[in-house]
Amino acid sequence: ATMGTERSLSVLWEVNKPFSIEEVEVAPPKEHEVRIKIMATGICRSDDHVITGALVEPFPIILGHEAAGVVESVGQGVTSVKPGDKVVPLFVPQCGECKNCLSSKGNLCINTDLGTRRGLMPDGTTRFTCKGKAVHHFLGTSTFTEYTVVHESAVAKIDSAAPLEKVCLIGCGFSTGYGAALQTAKVEPGSTCAVFGLGGVGLSVIMGCKVAGAARIIAVDINSNKFAKAKELGATDCINPKDFDKPIHEVLTEMTGGGVDYSFEVIGRTDTMTAAFACCHYNYGVSVIVGVPPAAQNITFDPMLLFTGRSWKGSVFGGWKGKDAVPKLVDDYMKKKFVLDPLITHTLPWTKINEGFDLLRTGKRFVLRF
Ligand SMILES: NC(=O)c1ccc[n+]([C@@H]2O[C@H](COP(=O)([O-])OP(=O)(O)OC[C@H]3O[C@@H](n4cnc5c(N)ncnc54)[C@H](O)[C@@H]3O)[C@@H](O)[C@H]2O)c1
Ligand SMILES: *[C@@H]1O[C@H](CO)[C@@H](O)[C@H](O)[C@H]1NC(C)=O
Ligand SMILES: [Zn+2]
Ligand SMILES: [Zn+2]
């Protein structure tokens, strides 16, 4: 392992405050850990959820979880990557040994930091120190920084020819949406789908539904500026709930003669989760929650909707087991099986991170370049 180094990182000290660019010590990787030089990182709404407090994490913290970079050094016992390899950090690790990794049914490795509110490496410590204070990790990744340290189970080696400022989106937004359609819902040819929320993740759900052969893809958003891109990527209908004086699930049920085969909530609101569930066809409709549920909010719903045969599911990182799937998704991108450009509206130098978050809040999606 190499010596510890002083690096600039963007630290978030408390909720609803801007990031501050600080000199932070990034400790060398310990056993089975990897230090990565981040080259590009996207901004996902999940990062913003931490800023607003909708997703509760410990502070101070280095956010960011959708990135691509190059391995700088490795700790003892690391065999799957070496210095110089291009990699994507994984916010859902794949240890390959736990009950969930061994099961073919899900992708949530027990070593994930998601939902634990610990903000630490698997060994319970942190590799970041700023002004004498320990700084937390975010989802085992922390990519708003020039250098980060991740566990070996939380990094995937990718094609050395991959353009990092594009394939960083495979680290979260693209894969999450695409997999929600293909892996979690398993959309079939000829299906009718409804996608609530047309950010980077919702647009990727649309791409997944289209690849699966859906006959009708209804895009739903309160921002009609999102409709042109949704159509370009495969939406057949676009509707704005503000244009109707009845609940949107009723509009969808009428439009589709009884409800959709598959619906996706890709916003992160409990009211739209319930609407997406309610617009599914009785007897067989399936609704998938992709948006991160806001903290301290519960859902009340009529269980008759479930009793009469609808299913309600959730999907984290599109159901993909990252160490296996991410290299293949990058290969598919290189073979032009899907596009990533339409998901990126701006590319900014990483020191403009606060401007980037302002853009996110006006409906743009950007990649920070280091
Ligand atoms: N499950 C996962 O693994 C995972 C991964 C990444 C992101 N997410 C979550 O997915 C959600 C979407 O992420 P994103 O980056 O695409 O977000 P985004 O903010 O870019 O997009 C959300 C879209 O929803 C629309 N919207 C807001 N309120 C609405 C309403 N009431 N009705 C209809 N549309 C509405 C917005 O106009 C926007 O276009 C977020 O909650 C994010 O945290 C989950
Ligand atoms: C949500 O429900 C759980 C389980 O009943 C309860 O413990 C919790 O306090 C509820 N939260 C809110 C915000 O009502
Ligand atoms: Zn994300
Ligand atoms: Zn595991």
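Refer to the preceding data block for the structure.
Anyway, here's the lowdown on the structure attached to this text. Since this is a predicted model, take the numbers as computed values, not measurements.

The immediate surroundings of ligand 1 are formed by 28 residues, with Arg45, Ser46, Asp221, Ile267 and Phe317 found nearest. Protein burial of ligand 1: of its 860 Å² of free accessible surface, 90% is covered by the chains. For the shell around ligand 1, the secondary structure elements donating two or more residues are helix H1 (45–52) and helix H5 (200–211). When residues in the shell around ligand 1 are grouped by element, the largest group, three residues, is from H1. A breakdown of the residues in the shell around ligand 1 according to their chemical character gives twelve nonpolar, eleven polar and five charged.

A few words on the nonpolar core. If you look at the biggest cluster of nonpolar residues, it comprises 87 residues, and the most contacted ones within it are Ile170, Phe174, Val187, Ile206 and Phe264. The element that contributes the greatest number of residues to this core is H5, accounting for six residues. Ile170 has contacts with Ser175, Phe317, Val326, Leu329, Val330, Tyr333, Phe338 and Leu340, leaving out every residue within four places of it along the chain. Formed by 13 residues, the second largest nonpolar core is a distinct cluster that contains Ala194, Ile218, Val251 and Val260.

This part is about helix H4 (residues 173–185). Along its 13 residues, H4 runs 17 Å from first to last C-alpha, staying within 8% of the 18 Å computed at 1.5 Å per residue. The sharpest bend along H4 measures roughly 45° and falls at Gly179. Of all 13 residues in H4, eleven are buried; the element is thus mostly enclosed. Of the positions making up H4, those classed as buried are Gly173, Phe174, Ser175, Thr176, Gly177, Tyr178, Gly179, Ala180, Ala181, Thr184 and Ala185. On its buried face, H4 is in contact with strand S4 (66–74), H5, strand S13 (262–265), strand S14 (286–289), strand S15 (311–314) and helix H10 (322–334). Backbone geometry just downstream of H4 places Lys186 in the positive-phi region, at approximately 55°.

Criteria and thresholds
Residues numbered from 1 in each chain as written. Chains lettered and ligands numbered in written order. Predicted model: local features only at pLDDT ≥ 70, side-chain atom pairs only at ≥ 80, totals over all residues. Heavy atoms only, no water. Near = heavy atom within 4 Å. Areas by Shrake-Rupley, 256 points an atom, 1.4 Å probe, with all protein chains shown as cover. Helix = DSSP H or I, 4+ residues; strand = E, 2+ residues; numbered from the N terminus. Nonpolar A, V, L, I, M, F, W, Y, C, P; charged D, E, K, R; others polar. Core = buried A, V, L, I, M, F, W, Y, C linked by side-chain atoms within 4.5 Å. Buried < 20%, exposed > 50% of the residue type's maximum accessible area, 1.4 Å probe, protein only. Contact = heavy atoms within 4.5 Å. Expected span 1.5 Å × (residues − 1). Bend = angle between axes of the 7 residues up to and from the residue.

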